[in-house]
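Tertiary structure, described
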Amino acid sequence: GLSEYDIDSDGTVVAFAHGPEGARLLALGSSEAPREIAFTENGLTYVRVSDGTLTAIAGAFTRPSALVRIDLAGGAEERLREASSLTVDPAYLARPELISFPTSGGRTAYAWYYPPTNPDAVAPEGEAPPLVVMSHGGPTSQARTSLSLDRQAFTSRGFAVVDVDYGGSTGYGRAFRDQLREQWGVVDVEDCSAVATWLAEQGHADSERMAIRGGSAGGYTTLATLCFKDVFSAGTSFYGLGDLEAFTDITHKFESRYMDVLIGPYPEMAERYRERSPDHYSDRIGCPVLVMQGADDKIVPPSQAEGIVRALQRNGLPHAYILFEGEGHGFRMAANQRRALEAELSFYAQVFGFELADEFAPLEVSGL
């Protein structure tokens, strides 16, 4: 599983921790203060520990994820196998910067900012870059900084990207994590909007060319933000929730009570579910939207996406809808992953009014 800690045979707990102070690998014995273990990777998941040796999947900013082994006593590291043999010149890769920013209610939230990065291109003088705001799934997960070629596809083409750890995200302490209790659709929406506004004020983004995107729970945050805030000029939802009330009947067993924590118990709080459902407020969306969905998705079925698409059609808003046959909750086929990314880039190019250097089939956007 996705464990970020494990217990050694002598009872020592070894845990990977992430927060504003950075990434740390800690060993916690029964009678001693936590000991920090030096390591060079910037993220560890699937942590397993046995007889003083840690094995995990490690992420890095500039190279593919890898299976690694770390000696907990001496700190020696070994990369056993990399997920890909692909190599990219680091000069073309944007490096993440952890930022904190003010948001609603006097709170502080966090995000990873990636500047436009391409040694072969220079932006027009005095022009701030278009911005892509990413809202992670979960929603109580966190933004990961491991190498993402999707993310770099934007930064290498002149976009700034910010991957938001909104209130409720894992990795910043229990109080921060609890901010999303019964506040899903409020805190995440506020924080994704706040970081875009803040970056524009700092000169790191063009306030007229800002998009928000996300998948699953991040798709819900995207749609809710477009309904309840007037910050973004475009949005892309991947298999995002539109009707929270309907989702209580169709969700899978593993997450069957998740919504009780995120929204409140149902049906006692049914009105709150309706108040936070983009389906009920889709007439408020005022910008172009791209919707992508897997035809075989059992977690967020196509009916969720199609409700939003019907509203976009009814209101005459520019939009595009791509239904990928044979795909479930998340796209797995390489051809579909490529098409989804190309479609999204084409969508932003048309909405923001610039030409892509790439030669691929343009996306047909209805009403644009």
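Notes on the structure follow. (Residues numbered from 1 in each chain as written. Predicted model: local features only at pLDDT ≥ 70, side-chain atom pairs only at ≥ 80, totals over all residues. Heavy atoms only, no water.)

Another point: the overall build of the chain. Each helix and strand in the chain was counted, giving 10 helices and 16 strands. In terms of C-alpha radius of gyration, the chain reaches 21 Å, essentially the compact-globule figure of 21 Å for 368 residues. The principal-axis extent of the C-alpha atoms belonging to the chain is close to 65 × 55 × 45 Å. Counting every position in the chain, which comprises 368 residues, the buried fraction comes to 49%. Nonlocal contacts in the chain, meaning residues at least 24 apart in sequence, comprise 62% of its contacts between residues at least 6 apart. (Helix = DSSP H or I, 4+ residues; strand = E, 2+ residues; numbered from the N terminus. Rg over C-alpha atoms; globule rule 2.2 N^0.38 Å. Buried < 20%, exposed > 50% of the residue type's maximum accessible area, 1.4 Å probe, protein only. Contact = heavy atoms within 4.5 Å.)

Here we take up the pairing of strand S3 (residues 22–28). One ladder, built from 7 bridges, connects strand S2 (residues 13–19) with S3; its direction is antiparallel. Pairing of histidine 18 across the sheet is with alanine 23, part of S3. Following S2, the chain reverses through 2 residues before pairing antiparallel with S3. Bridge count for S3 against strand S4 (residues 35–37) is 3 bridges, and the pairing is antiparallel. Note that in S4 the partner of alanine 27 across the bridge is arginine 35. Between the end of S3 and the start of S4, which pair antiparallel, lie 6 residues. (Pairing = 2+ DSSP bridges.)

For the bond running from glycine 138 to proline 139, omega is 0°, close enough to zero to count as cis. Within the element layout of this structure, proline 139 appears in the loop between strand S11 (131–135) and helix H1 (149–155). Between tyrosine 266 and proline 267 the backbone carries a cis peptide bond, its omega angle lying at 15°. If you trace the backbone, proline 267 turns up in the loop between helix H6 (258–262) and helix H7 (270–275). In this structure, tyrosine 239 is a non-glycine residue whose phi angle is positive, near 40°. Positionally, tyrosine 239 belongs in the loop between strand S14 (234–238) and helix H5 (244–250).

The subject of this paragraph is a nonpolar patch on the surface. A surface patch of nonpolar side chains, amounting to about 420 Å² of accessible area, comprises Leu2, Tyr46, Ile57, Leu67 and Leu80. Its location among the elements puts leucine 2 in the segment before strand S1 (5–7). Given the relative accessible area of 61%, leucine 2 is considered exposed. (Patch = residues over 30% accessible without salt bridge, like charges linked within 9 Å, V, L, I, M, F, W, Y side chains within 5 Å. Areas by Shrake-Rupley, 256 points an atom, 1.4 Å probe, with all protein chains shown as cover. Salt bridge = Lys/Arg side-chain N within 4 Å of Asp/Glu carboxyl O.)

This part is about the pattern of salt bridges. For side chains of opposite charge, pairing can occur when their charged atoms come near one another. Taken as a whole, this structure holds 17 salt bridges when the rule is applied. Here glutamate 82 ties to arginine 79 by a salt bridge, and the two come within 2.9 Å at their closest N and O atoms. Residue arginine 209 pairs with aspartate 206 through a salt bridge whose shortest N-O separation is 2.8 Å. Taken as a pair, arginine 209 and aspartate 206 share a single burial class, namely buried.

Here we have 4 strands laid out as an open sheet, ordered S1-S2-S3-S4, and antiparallel in their pairing. What marks the edges here is a single partner per strand, and that holds for S1 and S4. The sheet shows a mean angle of 30° between the axes of neighbouring strands, direction not considered. In this sheet, S2 lies alongside S1 in antiparallel orientation, the contact comprising 3 bridges. (Axes fitted to C-alpha atoms, helices over the stretch in contact; angles between N-to-C directions.)

The terminal C-alpha atoms of helix H3 (residues 187–201), which comprises 15 residues, lie 21 Å apart, in line with the 21 Å expected from a rise of 1.5 Å per residue. Among all positions of H3, only Val187, Asp188, Val189, Asp191, Cys192, Ser193, Ala194, Val195, Ala196 and Leu199 are buried. Turning to H3, the residues buried within the fold contact strand S9 (97–102), strand S10 (108–114), S11, strand S12 (160–165), strand S13 (210–215) and helix H4 (217–228). (Expected span 1.5 Å × (residues − 1).)

Attention shifts here to the sheet that holds strand S15 (residues 289–294). With mixed pairing, the 8 strands of this open sheet are ordered in space as S9-S10-S12-S11-S13-S14-S15-S16. Whereas interior strands pair on both sides, the edge strands pair on one side only; in this sheet they are S9 and strand S16 (319–324). In this sheet, adjacent strand axes meet at a mean angle of 20° when their direction is disregarded. For S11 and S12, the ladder comprises 5 bridges, and the chain directions are parallel. Residue leucine 131 lies in a different strand from S12, and its bridge partner there is alanine 160. Running over the sheet, H3 touches S9, S10, S11, S12 and S13 and is turned about 100° from S9.

On to the packing of H3 against H4, then. Interaxial distance between H3 and H4 falls to 9 Å at its minimum, and their mutual angle equals 75°. When the axis of H3 is compared with that of H4, the two are roughly perpendicular. Here H3 contributes Asp188, Val189, Cys192 and Ser193 to the contact with H4, which in turn contributes Tyr220, Thr221, Ala224 and Thr225. Tallied by class, the residues present in the contact of H3 with H4 amount to 4 nonpolar, 3 polar and 1 charged. (Parallel < 35°, antiparallel > 145°, perpendicular 65-115°, else oblique. Nonpolar A, V, L, I, M, F, W, Y, C, P; charged D, E, K, R; others polar.)

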